[in-house]
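# Secondary and tertiary structure notes
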Amino acid sequence: MTSDDSVDEGAERMSGRSLHGCLVAVVVLAVTLLAAMLLGRAWSACDAGVNSSANGGFLILIFVPVLWSVLMLIWLGVGAFLGDRPLIRAFALMVLLLTVFWCSISLFWGGDTYRCPSGVPPWWPHFIPAPGF
């Protein structure tokens, strides 16, 4: 094995890590924006919160960055903990990301309002349980 082979192997490993890092950021951002849009849409349909501007400000300035950071830490923590077990790691990531997604929506899901007496928007599918604790 020459030094050129080890350099090529190291460069290949680094390019794979940078690709994985970009994938992590994109997937976590997509999940975060989906949660923010779902929550904002539920608030708008039920006329929950102060007003649309305050709700949007909260979602953009606080909810999205905090949820993105939490999901990134979870992804990196699971990756470091499970290491080189791709199937187990993928399943654990899926379960944890969906759990945190559901819990983050449940914390801020609208309560009983005039438009939504049950706290569930009219467009919410009946076969999916509504978020909320």
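Residues numbered from 1 in each chain as written. Predicted model: local features only at pLDDT ≥ 70, side-chain atom pairs only at ≥ 80, totals over all residues. Heavy atoms only, no water.

## Details of the overall build of the chain
- Helix and strand counts for the chain stand at 3 helices and 0 strands.
- For the chain, the N- to C-terminal ordering of α and β elements is α-α-α.
- A buried classification covers 28% of the 133 residues belonging to the chain. (Helix = DSSP H or I, 4+ residues; strand = E, 2+ residues; numbered from the N terminus. Buried < 20%, exposed > 50% of the residue type's maximum accessible area, 1.4 Å probe, protein only.)

## Looking at the state of the cysteines
- Overall, the coordinates contain 1 disulfide when judged by the stated rule.
- Disulfide partner of Cys46: Cys116, at an S-S distance of 2.1 Å. Here the S-S torsion is close to -95 degrees, and the disulfide linking Cys46 with Cys116 is therefore left-handed. Of this pair, Cys46 sits in helix H1 (residues 3-46) while Cys116 sits in the segment after helix H3 (86-108); the two residues are 70 residues apart in sequence, bridging distant segments of the chain. (Disulfide = S-S within 2.5 Å.)

## Focus on the nonpolar core
- Leu39, Phe63 and Ile105 are the most contacted members of the largest nonpolar core, which has 26 residues in total.
- Counting only elements with at least two residues in this core, the list comes to H1, helix H2 (52-82) and H3.
- With 9 residues, H2 is the largest single contributor of residues to this core.
- With sequence-adjacent residues up to four places away left out, Phe63 is seen in contact with Ala35, Ala36, Leu39, Phe58, Ser104 and Phe108. (Core = buried A, V, L, I, M, F, W, Y, C linked by side-chain atoms within 4.5 Å. Contact = heavy atoms within 4.5 Å.)

## What about unusual backbone geometry?
- If you check the backbone angles, Asp47 has positive phi at about 55 degrees while not being a glycine.
- Within the secondary structure, Asp47 sits in the loop between H1 and H2.
- The class for Asp47 is exposed, based on a relative accessible area of 53%.

## Things to note about a nonpolar patch on the surface
- A grouping of Ile60, Leu61, Ile62, Val66 and Val70 is seen on the molecular surface, where their side chains present a nonpolar patch of about 490 Å² in accessible area.
- Relative to the elements of secondary structure, Val66 occurs in helix H2. (Patch = residues over 30% accessible without salt bridge, like charges linked within 9 Å, V, L, I, M, F, W, Y side chains within 5 Å. Areas by Shrake-Rupley, 256 points an atom, 1.4 Å probe, with all protein chains shown as cover. Salt bridge = Lys/Arg side-chain N within 4 Å of Asp/Glu carboxyl O.)

## Let's talk about the packing of aromatic side chains
- Under the criterion given, the structure shown has 6 aromatic pairs.
- By the ring-pair criterion, three or more aromatic residues cluster together here, those being Trp43, Phe58, Phe63 and Phe108.
- Note that Arg41 overlies the ring of Trp123, its terminal NZ or CZ placed 5.0 Å from the centroid. (Phe/Tyr/Trp six-rings, centres within 6.5 Å; stacked < 30°, edge-to-face > 60°. Lys NZ or Arg CZ within 6 Å of the ring centre and 35° of its normal.)

## Quick word on the side chain of Thr32
- By secondary structure assignment, the location of Thr32 is in helix H1.
- For Thr32, a relative accessible area of 0% puts it in the buried group.
- A distance of 2.8 Å separates a polar side-chain atom of Thr32 from the backbone oxygen of Val28.
- With near-sequence residues (within four places) excluded, Thr32 lies in contact with Val64, Leu67, Trp68 and Leu71. (Polar contact = N/O pair within 3.5 Å; in protein donor to acceptor, adjacent residues only side chain to side chain.)

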